[in-house]
Amino acid sequence: MKKKALHAQIAINITARYLGILAIINKRSCIQVLFKTFSNCVAVLLAFTLPAIAQTNINEKGSLDITGPYRVVENWFKPGIEQWNQPITGVAIDNPSRVFVVSTGQQLTEPGSLIIGPDGATLNVVKHFTPVPVPIAHPTHEHLILVLNADGKVVEDWSQWNNELMLPHSVIINPHDPERHVWVVDREGDQILEFTNDGKKLVLRIGEKGIAGTDHNHFNWPSSMLFMPDGAFYVTDGYNNTRVVKFDKNGKYLMEWGTKGDKPGQFNLVHDIAVDSQHRIYVADRGNNRVQIFSETGKFIDQWPNILNPSHFLMMRDGTLWLISGAGNRIAKFDLSGKLITYWGTFGREAGNFNDPHTIDVDSAGNLYIVEVFNNRLEKFVPREGADKSRLVGEKFILTK
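Residues numbered from 1 in each chain as written. Predicted model: local features only at pLDDT ≥ 70, side-chain atom pairs only at ≥ 80, totals over all residues. Heavy atoms only, no water.

### A few points about the pattern of salt bridges
Opposite charge on two side chains permits pairing when their charged atoms draw close. In the structure shown here, the tally under the stated rule is 15 salt bridges. A salt bridge links R243 to D237, with the shortest nitrogen-to-oxygen separation between them at 2.8 Å. The exposure class assigned to R243 is buried, which follows from its relative accessible area of 3%. Relative accessible area serves as the criterion here: at 0%, D237 is assigned to the buried category. Connected through salt bridges with shared partners, the residues D94, R98, E156 and R180 form a single ionic network. (Salt bridge = Lys/Arg side-chain N within 4 Å of Asp/Glu carboxyl O. Buried < 20%, exposed > 50% of the residue type's maximum accessible area, 1.4 Å probe, protein only.)

What follows is the structure in C-alpha cells.
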C-alpha cells in the first residue's frame, strides 16, 4: 500500500509541475497539455492501482498479453509523405482494401509525438522531453480524409475538401446505404458532411461551418453518428452541447435529449453512440466516465458507471459490446448487462501500445483497426493463430429492422 501511495503522489506531483507550465503557453496548448498530463497520470495510476482481471494467455512464454489475442502489423500505416505527425481521429472500413481515415491536420499535434516516415517506420522512437512543450508554429491543414489499401498505403487523398473542413473527428459509412456514402463529423466546424464513396460529390451538409448553436440546425462540437435501418440517424452533439439529436433520412430534425450534468439522462461530453438488437441506444458519456442506455426516444433505461473515458463502441453480433477507454489506453469487452468480460492494451509508443485510442473498427476478415490520437497513427491487428475466439472482436452487429 505504501508503494501505491508513493506512485499516486508521484503522479500528483507531475501534474502539479505541468500545471505551472500552462500559464505561459497559448490557450489551445493549455488544453492540450492539461489533457495529456491528466491522461499520462491516469495511465500511471491504472498500472499500479487497478486490480487485474484473469485473462486467458496466448500460450507464449513470458507474454504480458499486451495485444491480447492479436498480433500487431508493424509499420502498417504508410502515409507516403516524408514526415507524418498529425493526429488520426477516425477510421471506417469499407472493405479490407478500402479503409477510410480522417485526421486533424497539425492543429492538435502533441509536441514530441511520433513522426512516421513514408513507409510507416517511426522516425523518433524515443520521445525527447523539453521543459516547455512548444506547439507547431504554423500547423498544416492537409491530408484530412484519406483512403488506404490493404497494405496501409494511401491510395486517395481527398484534398479537394480540405477547405470545407476544420477538424474532422470521425468518419462513418452508412451500413444501410447500398451506395456506401461516407459521412464526416467535423467537430470544430460544427457540421456533418455526406460524400459519395468516391469523394467526388458533397451530397449533404448539416450544420453551418464554424457557426456553433443549440437550435435544430446547428451543432457545437459534434462527435459521432449512428444510422438506423429506415435511414434516420442520431448525432452525438457532443463536446459542448451535451445532447443526442435525431434526424430523418433527409437530415430533417426530429428530436433530441440531454442536458449538462451527471444525473441519469444528463451528459458531460457525449462521444459515441450504438444500438443493440433490442433497439436500445448506448451513449458514451465520456466526461462522466460511464455508458448510458436509452430507448430510441431518449427514455433512460440503465447506466454502467466507473468506465474510464469511454470513447468509441463496437456492438457485436454475439450480443456483446467492445469499447475503447481513451485515458485507460485499452479496449474492453462487456456483456449487455454491463459486466466486464475481458480487456487488453497499455500505454506507450511502441507498436501495439496506445496513446489515447479513439476509434475502433473491424473488417470482414477479422482484422482490427485502432486509431490513436497522440501517437499519430492507425494500427492494424490480425488474429493470432490459435487465439481464444472469445477474446477476438468478431463480427459487427447491424440492426436490420
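The structure having been displayed, the exposition proceeds.
### Side note on the packing of aromatic side chains
This model, assessed by the stated rule, comprises 22 aromatic pairs. A centroid spacing of 5.8 Å and a plane angle of 50° characterise the contact between F227 and F233, whose relative ring orientation is tilted. Aromatic rings pair up to connect W183, F219, F227, F233, F247 and Y253 into one cluster. In this structure, R187 is placed above the aromatic ring of Y239, and the distance from its NZ or CZ to the ring centre is 4.7 Å. Positioned above the aromatic ring of Y343, the side-chain terminus of R330 is 4.2 Å from the ring centre. (Phe/Tyr/Trp six-rings, centres within 6.5 Å; stacked < 30°, edge-to-face > 60°. Lys NZ or Arg CZ within 6 Å of the ring centre and 35° of its normal.)

### A few points about the layout of surface pockets
Of the voids in this model, the second largest pocket is the one considered here, and its volume is about 850 Å³. Around the second largest pocket, the lining comprises 43 residues; the ones closest to its centre are I173, P175, L314, D361 and K396. Residue assignment for the lining of the second largest pocket shows that the elements contributing at least two residues are strand 2 (88-95), strand 6 (168-173), strand 10 (222-227), strand 14 (270-275), strand 18 (310-315) and strand 22 (357-362). When the residues that make up the lining of the second largest pocket are grouped by side-chain class, the tally is 22 nonpolar, 13 polar and 8 charged. (1 Å grid on protein atoms, 1.4 Å probe; cavity = no way out; pocket = protein on both sides within 12 Å on 5 of 7 lines; lining within 4 Å. Points joined across faces, edges and corners; volume = space filled by probe spheres on them. Helix = DSSP H or I, 4+ residues; strand = E, 2+ residues; numbered from the N terminus. Nonpolar A, V, L, I, M, F, W, Y, C, P; charged D, E, K, R; others polar.)

### Remarks on the pairing of strand 10
For strand 10, the buried fraction is high: 6 of the 6 residues fall into the buried class. As defined by bridge partners, strand 10 adjoins strand 11 (residues 233-237) across 5 bridges and the pair is classed as antiparallel. Counted as the bridge partner of S224 is T236 from strand 11. (Pairing = 2+ DSSP bridges.)

### A short note on the side chain of N367
With respect to the secondary-structure elements, N367 resides in the loop between strand 22 and strand 23 (368-372). Classification of N367 as buried rests on a relative accessible area of 12%. Contact partners of N367, with chain neighbours within four places excluded, come to D361, V362, K380, F381, V382 and P383. (Contact = heavy atoms within 4.5 Å.)

### Considering the environment of R384
If you trace the backbone, R384 turns up in the segment after strand 24 (377-383). Separated by 315 residues in the primary sequence, R384 and P69 have C-alpha atoms spaced 5.8 Å apart. Here the side chain of R384 touches Y70 through a polar contact of 2.9 Å, landing on its backbone oxygen. (Polar contact = N/O pair within 3.5 Å; in protein donor to acceptor, adjacent residues only side chain to side chain.)

### Remarks on the sheet that holds strand 11
Taking strand neighbours across the sheet as the criterion, the 4 strands line up as 10-11-12-13 in an open arrangement whose pairing is antiparallel. The open sheet has two edge strands with one neighbour each: strand 10 and strand 13 (253-257). Averaged over all pairs of adjacent strands, the angle between their axes in this sheet comes to 20°, without regard to strand direction. Two strands pair when backbone bridges link them, and strand 12 (residues 243-247) and strand 13 are joined in this way by 4 bridges, in the antiparallel orientation. Considered in strand 13, the bridge of K246 is made with M255. (Axes fitted to C-alpha atoms, helices over the stretch in contact; angles between N-to-C directions.)

### Observations concerning unusual backbone geometry
The phi torsion of most residues other than glycine is negative, and most of the peptide bonds are trans. Of note, the amide linkage connecting D237 to G238 takes the cis form, showing an omega dihedral of -25°. As for its position among the elements, G238 is in the loop between strand 11 and strand 12. With phi around 45°, T242 is a residue other than glycine that occupies positive phi space. Mapping T242 onto the fold places it in the loop between strand 11 and strand 12.

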